[in-house]
Amino acid sequence: MTPDLIQACGDALYDAWRARATVAPLLERFPAITVADGYAIQSRMVARRVQAGETIIGKKIGVTSKPVQDMLGVYEPDFGQLTSGMVCSESDGVDLNGLIQPKAEAELAFVLAHDLVGPGITATDVIRATAYVSPCFEIVDSRIRDWKIKIQDTVADNASCGVFLLGQAKGDPRKLDLQLAGMSLQRNGALHATSVGAAVQGSPVNAVVWLANTLGRLGLPFRAGEVILSGSQSPLLPVADGDDLVCTIGGLGTCRARFHGKAAV
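Residues numbered from 1 in each chain as written. Predicted model: local features only at pLDDT ≥ 70, side-chain atom pairs only at ≥ 80, totals over all residues. Heavy atoms only, no water.

**Some remarks on helix α7 (residues 204-217)**
Here is step 1: Over its 14 residues, α7 runs 20 Å from end to end, which matches the ideal 20 Å to within 8%, given 1.5 Å per residue.
Here is step 2: Counting buried residues along α7, 12 of its 14 residues qualify, which places the element largely inside the surrounding structure.
Here is step 3: Listed as buried for α7 are P204, V205, A207, V208, V209, W210, L211, A212, N213, T214, L215 and G216.
Here is step 4: Looking one or two residues past α7, G219 carries a phi angle of roughly 75°, positive in sign. (Helix = DSSP H or I, 4+ residues; strand = E, 2+ residues; numbered from the N terminus. Expected span 1.5 Å × (residues − 1). Buried < 20%, exposed > 50% of the residue type's maximum accessible area, 1.4 Å probe, protein only.)

In C-alpha cells, the structure reads:
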C-alpha cells in the first residue's frame, strides 16, 4: 500500500472510532494489504488519538489462542497499543455508550516496574521487570463491520482495542504459578467459562516475552509503568446494559466489570 493509502485507512478507522461507526473490511477493499500494512495503518490511527490528547500507557497482545489463530489464518499473536482514553475502573464500570460492538474477555495484566528492551528478553526478565500482575477485563471493540475480520483488519484496527479495567488485586508473579493458575468467568452470577494460564501461549509470561522481543526488533521498548495485557483466557463474550462479569484467577483475586449504557450496534 502507498503511504497516502495507509494514512487514509488510518484516518478512516480513527473517524469511525470517533463516530461510533463501522467500515467495510479492509481486506475486502484492498486484497493486497499485508500485516505490515496493517501495523502502519494502526500507527496512523493511534497517532491521531495521541494528537487529540491521549497518551500511550501500554500494549495488548491478541490472537494468542490456537482457535482464534485458526479462524484468522495466522500463527502468531498480534499487538495493539493502549491509550489513556481506554482506562475504566471497577467502581465506575464500563460505559457502553462509547463503544460500537463490544465483547469482553478475561485475562491477566502485567504492570511493569522497569523497562524491558528487546530483543533477547526471557521469561525471567519479564518476571523481574514486573511490579505486579492483576486480573483484568479487556473490552474489545471493532470498527470493522459485523466483526468480519481477518488478521490484516484487526491489526490495522489497533488489535480491536476498546477499553480495559484492572482488578484491585495485585500479585507478585514470583509467588504465583501463572501457567497453572485457574481462571473462572461468571456472567450475572452464573459460571460462563473456565480456563488456565497455559491457554495463553503456554503461559501469559510467554506472551509478554513474545511481545517484548517483537517490539524490541522494531525499536519499541516497554517502559516502566506500562500495562501489558497478556491475552484472553476466556471466549469472547458480547456484553449489554446490566451485565455483571466477574473474573477470578486462582491465588490472585478478582476483577469485576459492570456494564451500563447502549453500544452503537
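Once you've had a look at it, read on.
**Some points on the layout of surface pockets**
Here is step 1: Estimated volume of the second largest pocket: approximately 160 Å³.
Here is step 2: Lining the second largest pocket we find W17, R49, G85, C88, V94, D95, G98, L99, D141, R143, G162 and V163.
Here is step 3: Across the lining of the second largest pocket, the residue classes break down as 5 nonpolar, 3 polar and 4 charged. (1 Å grid on protein atoms, 1.4 Å probe; cavity = no way out; pocket = protein on both sides within 12 Å on 5 of 7 lines; lining within 4 Å. Points joined across faces, edges and corners; volume = space filled by probe spheres on them. Nonpolar A, V, L, I, M, F, W, Y, C, P; charged D, E, K, R; others polar.)

**Digging into the packing of helix α1 (residues 3-19) against helix α3 (residues 35-51)**
Here is step 1: Viewed as axis vectors pointing N to C, α1 and α3 meet at an angle of 50°, and their least axial separation amounts to 8 Å. Viewed along their axes, α1 and α3 adopt a mutual orientation that is oblique. Considering how the two elements wind past one another, α1 and α3 form a crossing that is right-handed. In contact with I6, Q7, C9, G10, D11, L13, Y14, D15 and W17 of α1, α3 contributes D37, A40, I41, R44, M45, R48 and R49. (Axes fitted to C-alpha atoms, helices over the stretch in contact; angles between N-to-C directions. Parallel < 35°, antiparallel > 145°, perpendicular 65-115°, else oblique. Left-handed = near helix turned anticlockwise from the far one by under 90°. Contact = heavy atoms within 4.5 Å.)

**Brief notes about the sheet that holds strand β13 (residues 253-260)**
Here is step 1: In space, the 5 strands of this open sheet follow the order β4-β13-β12-β8-β9, with mixed pairing throughout. Strands at the two margins of the open sheet, each flanked by one partner only, are β4 (94-95) and β9 (190-196).
Here is step 2: Relative to β9, strand β8 (residues 182-187) runs antiparallel, the two being bridged by 6 bridges. When the sheet's bridge partners are listed, G182 is paired in β9 with V196. (Pairing = 2+ DSSP bridges.)

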